[in-house]
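Descriptive structure summary
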Amino acid sequence: MPFREINAKMVEATVRPGARLFSQRGAMLAYRGEVSFTPSIAGGRGGVMSMIGRRVADEDTPLMTVEGNGTVLFGHGGHHVQVINLAGDTLYVEADRLLAFEGTLEQGTVFLGSQGGVMGMVRGQVSGQGLFTTTLRGQGSVAVMAHGGVIEIPITPQRPVHVDPQAYVAHHGDVRNKLSAALGWRDMVGRGSGEAFQLELSGSGAVYVQASEEKL
């Protein structure tokens, strides 16, 4: 596992010869050893199509390719950092929440409306989050950022989870998302949080929820 949590706002990554990591630009705090940082055109194993998808989605978050032999400390903006380990499944996370991830993971972009229908598209307008979400698939680790700490909530077929869209950080597993209105349309004027809308996640997996509704 290349990422080790140093404290709530910092992780240490091990960089080995022949392997690579990707990090958000400006996330490097310090490093030891022979480590290089170069701008990444695509990032991950998604290749050019992944890059094009992020540009269309307006999620062209600058990434750096990290290679060499040593250790690197990552953190960004004083945000809380959470390490998520993937064992072949897919993580859905907004691009601006990615701190760093292993190059073994395949990166892509998914349109939220494809899962949530029309209400999935509404989510981007109401919560301030994008209509597109970055996906990371395969075996590897990911470090994501959030406000005020993160809790992992299991999702089971018998117990779907309802989340305030602005508190949502990421989810993984065989999960479907659907945005539903908790109030009538007239009551929702001026309300963009979970009092008006709820993001329902059903299936088998887990969702990561932040303690604050503040946007990164």
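As a reminder, the structure under discussion sits directly above these lines.
Notes on the structure in this doc start here. All values reported here derive from a predicted model rather than from experimental measurement.

Along the protein chain, the regular secondary structure elements total two helices and 13 strands. With 216 residues in all, the protein chain has 50% of them scored as buried. The contacts of the protein chain with a sequence gap of at least 6 include a subset with a gap of at least 24, amounting to 81%. When the accessible surface of the protein chain is split by element, carbon and sulfur atoms take 53% of a total near 10000 Å².

Quick look at the pairing of strand 7 (residues 98-102) now. Successive side chains on a regular strand alternate, one facing one side of the sheet and the next facing the other. With respect to burial, strand 7 is a largely interior element, five of its five residues being buried. Bridging between strand 3 (residues 20-24) and strand 7 involves three bridges; their strand directions are antiparallel. Its bridge partner lying in strand 7, Leu21 is registered against Glu102.

Turning our attention to the packing of aromatic side chains. For any pair of aromatic rings, the description rests on two quantities: the centre-to-centre distance and the angle between the ring planes. Evaluated as defined, the whole model comprises two aromatic pairs. Aromatic side chains Phe22 and Phe101 sit 5.6 Å apart centroid to centroid with 25° between the ring planes, which places their arrangement in the stacked category. A residue pair is termed long-range when its members are at least 10 positions apart, and Phe22 in strand 3 and Phe101 in strand 7 qualify at 79 residues. Each of the two residues, Phe22 as well as Phe101, counts as buried.

A general tendency of soluble globular proteins is for nonpolar side chains to be buried together. With 17 residues, the main nonpolar core has Leu86, Leu91, Leu98, Phe101, Leu136, Val142 and Val144 as its most contacted residues. Looking at this core, the elements that each hand over two or more residues are strand 6 (80-93), strand 7, strand 9 (132-146) and strand 12 (168-181). When near neighbours in sequence (up to four residues on either side) are disregarded, Leu86 contacts Leu91, Leu105, Leu136, Gly138, Gln139, Gly140, Val142 and His172. Formed by 16 residues, the second largest nonpolar core is a distinct cluster that contains Ala13, Val66, Phe74 and Val83.

Before going further, it helps to examine the pairing of strand 2 (residues 10-15). Relative to strand 2, strand 1 (residues 3-7) runs antiparallel, the two sharing four bridges. Among the inter-strand pairings, Glu5 is bridged to a residue of strand 2, identified as Val11. Between strand 1 and strand 2, which follow one another and run antiparallel, lie two residues.

So, about the pattern of salt bridges. Under the criterion given, the structure shown has four salt bridges. For Arg32, the salt bridge identified is with Glu12, shortest N-O distance 2.9 Å. With Arg32 in strand 4 (residues 28-40) and Glu12 in strand 2, this residue pair connects regions lying 20 residues apart in the sequence. Two residues, Glu94 and Arg97, come together in a salt bridge whose shortest N-O distance is 3.8 Å. When sorted by exposure, Glu94 lands in the same class as Arg97, which is buried. Put simply, Arg4, Glu12 and Arg32 are held in one network by salt bridges that share partners.

The rules behind these values
Residues numbered from 1 in each chain as written. Predicted model: local features only at pLDDT ≥ 70, side-chain atom pairs only at ≥ 80, totals over all residues. Heavy atoms only, no water. Helix = DSSP H or I, 4+ residues; strand = E, 2+ residues; numbered from the N terminus. Buried < 20%, exposed > 50% of the residue type's maximum accessible area, 1.4 Å probe, protein only. Contact = heavy atoms within 4.5 Å. Areas by Shrake-Rupley, 256 points an atom, 1.4 Å probe, with all protein chains shown as cover. Pairing = 2+ DSSP bridges. Phe/Tyr/Trp six-rings, centres within 6.5 Å; stacked < 30°, edge-to-face > 60°. Core = buried A, V, L, I, M, F, W, Y, C linked by side-chain atoms within 4.5 Å. Salt bridge = Lys/Arg side-chain N within 4 Å of Asp/Glu carboxyl O.

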